[in-house]
Amino acid sequence: MKYNKIREEELKNKVGVDWFKQFDTTEILGDIDFTVFPKQDNLFGRTPLLWAEVKTGKFDIASMFVQLILTIGKARTFDKTMPPAFLGAFDFEKIAFVPYINVQDIFYINDFNWNVTPSNHSTKEFQLIKERIEATLKKNTYVYDFEKDEKELLAFIKNNVAKATTASKLKIDKNNFIPIYLRWLETIKPIIDVNWDELKKANILDSDFYLADLFVDDKDTQNIEDDLSIRDNLFVVFQNEGYKIAKENLKQMFDAVIRLKNKDTYLHFWKRYKRPPLKEFQDYIIERRDLLVPQDIRERKGAFFTPRIWVELSQKYLTDYLGENWQDDYYIWDCAAGTGNLLAGLTNKYNIYASTLDQADVNVMHERIDHGANLLKNNVFQFDFLNDDFAKLPQSLQDIINDEEKRKKLVVYINPPYAEATSSKTVTGTGENKGGVTTQFKINELLKPKIGNASNEIFALFMANIYEKIPGCILGQFSKLKFINGSNFKKFKEYFLVDYVSGFIVPAETFDNVKGKFPIGFTIWNTAGKSKINTIQTDVYDKNGNYNSSKNFYGELPNSINKWIKLFDDKSKTGVGFMENPAPDFQNNSFLNFTVHIGTRHVNYFSFQTYNLISGLIYFSARNCIDATWLNDRDQYLFPRDGWQTDIEFQNDCLAFALFHGQNRITSSEGTNHWIPFTEYEVNAQAKFESNFMTDFIKGKIKKESGSNTLFEQSTTTENKPLVFSEEATAVFDAGRELWKYYHSQPNVNVNASLYDIREYFQGRNDKGRMNSKSDDAIYSKLITELRNKLAVLGDKIKPKVYEYEFLKE
């Protein structure tokens, strides 16, 4: 057997290398075992080629495919990213492929419970799926033995998988035809060779061309011959690789075929979608052509504060929770509407309410209504949600709020300002913080005793006011996630008792005028529930809207790492150095460093002594070995569980990592440098060092007595054992030694130089006094790069231990 007796991860790696080396097989997509993508993006991003189930041992093909289908259906992966050309399944012996298009209908069956464990083959759901697809699999599956069918398998991959980027397409229905139109406006409208102003005078709009594109088949043939109601309602038709005006009274005025400037762009765009729309939605789409609002109206002031891609996705999540007909079955109120862009794509204007603080924004929305926006003027009104009495609301909305049963059918759908009272510049939402600090809001007086310091956040006041005055409603909101894991929200979570439904997070930088790398989430909550927020799981999307994983946020966490490090702190302030202990999350790690003297920031400064040196450097390394990203920016460092105390290799790895890290800011210009990791002989120093503390500590020559005033006293009775370093840590020391030796070969150098001093010597400073990022010395540049590379390898070794000992939760 080609892959006998190996683990699943090794099997995936070997199959990726042996058979799919020309593709990218490294991408993780939710719980799908194995994915294949092209290495290069096309015009519209990367289209997946294969999603596969992987098993070690020998399994029947049908069962593997059923488990894969249940995994995809449970996560609705096909709605979150483009589906692949093929589904696959392999074990140690064989691999099988089936075109996705042959099984995609299974994901649209009604009244099916997808919330089962895919790996449980005994459930009725598993058996039902298996019964439904076995015939399809027998007819459409390609199966290859890794050893016996090597040539045939390679040929299949080359001729089918590699060329199959267009095999599967998204179906068009009543919930996505508007978002697709908004993408069409950006991509297709500019390549239609026509004078839009002339067409507009004749009341022919861009949406008419979009409908012409919708109602063709995959061969670009107008697919309306058998449906007179659709044919008679199209003002433009697509034929002969161009458009023709179909209005009888305009045919003579516009008798020529309207051509495309770039046919390739057109073809690439429509490769993503299955045309025409699903049969059951075709009449609806024609009837609701009024929802396709012209481009120039949407581009008016304020129309795109919330990125369109996330508006579309949030409405998709609401549809998944509330059902396909939710816009007819529920009422919707955006009580922080701005100019109403969050409501773009919603279809039932009689169920939509929009209010905003500024009358100017109301005027913009009314103007949009005059030009076709799908809202009612009577339902769009000025209202200060954090100050005004609900008696000011339209009577129809009051009737909904005052009726307990109707309230359960009210969706409060918002993207409120995210500003903090302490910083008027910290605005990361839909526009300016128009209200200023939160203390000016009347609701603050009512809510602050209930939610504590969370009242400093405007979005938290919105949440609490909704919970207070509209109990039982559904809340769908964009916000930062600090209300789940932030230290200032403990009291808020005791008050805000709700059921979490679902949500997703995206990079904050995708929002207009947002600075900083952190997640913004869209989360759905049922306020009729009374659960305390504990752990929530969100889907993760990159800046291009590609789904790639899920992430947990924890409402109840252990004590922080800062409480742990205080157990080892020394208050004498006479140590060999001092380490700043900033707030325990990734966004504050830039402040974490150690220096000769106590700094000036208003935080705790840890005093390094012989007995707490290792603990302090574990703290430093645990916080610095994992790079900060937008995804982990708000993750909290925690009081670790036991186990690290006896893991000597982990302790020594952390010491080595900290000594050579860039945020080791020890400099001999501020005092004695006790942190030189080498002896004079090792680096050919030109004179004796002021202190050999660190090398003596490493060699086990220094007593580790708690509270001892003889910090540098050498042991004459009980000698500690020398530290033994791992291969990765030793490589760091070796790279560092070469750097020190090169520095000490220079003329007239500071013999007591620290790593920071050496960097300053070679890199210099700019006219503002900041250290330059590079050096003109080629040898130094090579040596410092080698040191950093070895340090990165050591950091990767430490990372799993950070999670194992729960300094961080995954």
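Our structure's up above, just so we're on the same page.
What you are looking at is a predicted structure, and each value in this text was computed from that prediction instead of being measured.

Asker: How do you make sense of the pairing of strand β3 (residues 86-90) when you look at a structure like this?
Answerer: Consecutive side chains of a regular strand alternate in pointing toward one face of the sheet and then the other. Most of β3 is tucked away: five of the five residues are buried. The alternating pattern of β3 places F86, G88 and F90 on one face and L87 and A89 on the opposite face, and all of these are buried. Sheet topology note: the strand β2 (residues 50-54)/β3 ladder contains five bridges and is parallel. The residue of β3 that forms the bridge with W51 is L87. As paired strands, β3 and strand β4 (residues 94-99) are joined by five bridges and run antiparallel to one another.

Asker: In this structure, what is going on with the pattern of salt bridges? I would like to understand it.
Answerer: When charged atoms on two side chains of opposite charge get close, those side chains can pair. The tally for this structure, following the rule as stated, stands at 31 salt bridges. Residues E93 and K94 are paired through a salt bridge, measuring 4.0 Å at the closest nitrogen-oxygen approach. The exposure class of E93 is buried, given its relative accessible area of 15%. The salt bridge involving D633 is made with R634; its shortest N-O contact spans 1.8 Å. When sorted by exposure, D633 lands in the same class as R634, which is buried. Several salt bridges converge on common partners, so that one network encompasses K58, D91, E93 and K94.

Asker: Explain helix α24 (residues 613-624) to me, please; I cannot follow it from the model alone.
Answerer: The periodicity of an α-helix, 3.6 residues per turn, causes residues three or four positions apart to be oriented the same way. Over its twelve residues, α24 runs 16 Å from end to end, which matches the ideal 16 Å to within 8%, given 1.5 Å per residue. In terms of burial, α24 is largely enclosed, as twelve of its twelve residues are buried.

Asker: How should the packing of aromatic side chains be read in this particular structure?
Answerer: Two measures describe an aromatic ring pair: the distance that separates the ring centres and the angle between the ring planes. In this structure the tally under the stated criterion is 75 aromatic pairs. The interplanar angle of 80° and the centroid separation of 6.3 Å between the aromatic rings of F478 and F504 together place this pair among those described as edge-to-face. Taken together, the residues F478 in strand β15 (residues 474-480) and F504 in strand β16 (residues 499-507) connect sequence positions 26 residues apart. Of the two residues, F478 and F504, both sit in the buried class. Seen in terms of ring centroids, F504 and Y541 are 5.8 Å apart; in terms of plane orientation they differ by 80°. Their pairing is edge-to-face. Within this pair, whereas F504 is found in strand β16, its partner Y541 is found in strand β18 (residues 535-541), the two being separated by 37 residues in sequence. Taking relative accessible area as the criterion, F504 reaches 0% and is therefore assigned buried. Grouped by ring-pair contacts, the aromatic residues W310, Y317, Y413, F478, F504, F511, F522, Y541 and Y547 constitute a single cluster. Sitting over the face of the ring of F553, K551 holds its NZ or CZ atom 5.5 Å from the ring centroid. We note R601 situated over the ring of F591; from NZ or CZ to the ring centre the distance is 3.8 Å.

Asker: Please clarify how the pairing of strand β8 (residues 242-245) should be interpreted in this entry.
Answerer: Bridge count for strand β7 (residues 236-239) against β8 is four bridges, and the pairing is antiparallel. Following the sheet pairing, F238 is matched in β8 by Y243. From the end of β7 to the start of β8, which pair antiparallel, there are two residues, and N240 there has a positive phi angle of about 55°. Of the strand pairs in this sheet, β8 and strand β9 (residues 258-259) are connected by two bridges, and their pairing is antiparallel.

Parameters at a glance
Residues numbered from 1 in each chain as written. Predicted model: local features only at pLDDT ≥ 70, side-chain atom pairs only at ≥ 80, totals over all residues. Heavy atoms only, no water. Buried < 20%, exposed > 50% of the residue type's maximum accessible area, 1.4 Å probe, protein only. Helix = DSSP H or I, 4+ residues; strand = E, 2+ residues; numbered from the N terminus. Pairing = 2+ DSSP bridges. Salt bridge = Lys/Arg side-chain N within 4 Å of Asp/Glu carboxyl O. Expected span 1.5 Å × (residues − 1). Phe/Tyr/Trp six-rings, centres within 6.5 Å; stacked < 30°, edge-to-face > 60°. Lys NZ or Arg CZ within 6 Å of the ring centre and 35° of its normal.

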